[in-house]
Amino acid sequence: MDMHQEEVIAALAAHGFTAQPDECSSEWVPVRFAKEDTSMSRAAVECYFYSNGQLAYVHVDGRLGPQVTCEGIRLIGRVPSQLAHEMET
C-alpha cells in the first residue's frame, strides 16, 4: 500500500469514483469514494491516510464497491466459506 493520497484519488477517479474528504477523525485522514452517479450517503470505498498522506488502509463495501482480487482470487461478493476454501488451497 505504498500510495499517497493524491495517487489514490486519481486512480479511483479513473474508474468513475468521486472523492469526498471526511474531516471527522483526528488520527487518520479519511476519504470516502462513491460512483459519480450515486449519492455519498454510503461510500463504496473508504481510504484512510496517515497525516503525511500515505495510505494506511482501505475499506471496500461488499455491495457498492469495486471488485477486489488478491493473487487472482475474487474477494468481494463471495460466500465466506467458499472464499476461505479457495484461500487455503
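Quantities reported herein were computed from a predicted structural model and do not represent experimental measurements.

Engineer: Explain the sheet that holds strand E4 (residues 55-60) to me, please; I cannot follow it from the model alone.
Structural biologist: One key point about sheets: their strands pair by backbone hydrogen bonds, in either a parallel or an antiparallel sense. Strands sit in the order E1-E2-E3-E4 across an open sheet of 4 strands; the sheet is antiparallel. Every other strand in the sheet has two partners, leaving strand E1 (17-21) and E4 as the edge strands with one partner each. Looking at each pair of strands side by side, their axes are set apart by 20° on average, direction ignored. Here E1 pairs with strand E2 (residues 29-35) via 5 bridges, running antiparallel. Looking across to E2, one finds that Pro21 is bridged to Val31.

Engineer: Hey, could you run me through unusual backbone geometry in this one?
Structural biologist: The phi angle of most residues is negative, glycine excepted, and most peptide bonds adopt the trans form. Backbone geometry places Glu71, a non-glycine residue, at a positive phi of 50°. Its location among the elements puts Glu71 in the loop between strand E5 (69-70) and strand E6 (73-74).

Engineer: Whenever I open this one, the side chain of Glu46 confuses me. Can you help?
Structural biologist: Within the fold, Glu46 resides in strand E3 (residues 45-49). Of the side chains with opposite charge, Arg32 lies nearest to the buried Glu46, which makes no salt bridge, at 4.6 Å. One polar contact links Glu46 to Tyr48, side chain to side chain, over a distance of 3.5 Å. Not counting chain neighbours up to four residues away, the residues in contact with Glu46 comprise Val31, Arg32, Tyr57, Val58 and His59.

Engineer: Would you mind showing me how to read the side chain of Arg78 here?
Structural biologist: Looking at where Arg78 falls in the secondary structure, it is placed in the loop between E6 and helix H2 (80-88). Residue Arg78 is classed as buried on the basis of its relative accessible area, which comes to 19%. Engagement of the side chain of Arg78 in a polar contact is seen with the backbone oxygen of Arg74, the distance being 2.8 Å. Setting aside chain neighbours within four positions, we find Arg78 in contact with Ile73, Leu83 and Glu86.

Parameters at a glance
- Residues numbered from 1 in each chain as written.
- Predicted model: local features only at pLDDT ≥ 70, side-chain atom pairs only at ≥ 80, totals over all residues.
- Heavy atoms only, no water.
- Pairing = 2+ DSSP bridges.
- Helix = DSSP H or I, 4+ residues; strand = E, 2+ residues; numbered from the N terminus.
- Axes fitted to C-alpha atoms, helices over the stretch in contact; angles between N-to-C directions.
- Buried < 20%, exposed > 50% of the residue type's maximum accessible area, 1.4 Å probe, protein only.
- Lys, Arg positive; Asp, Glu negative; His and termini not counted.
- Salt bridge = Lys/Arg side-chain N within 4 Å of Asp/Glu carboxyl O.
- Polar contact = N/O pair within 3.5 Å; in protein donor to acceptor, adjacent residues only side chain to side chain.
- Contact = heavy atoms within 4.5 Å.

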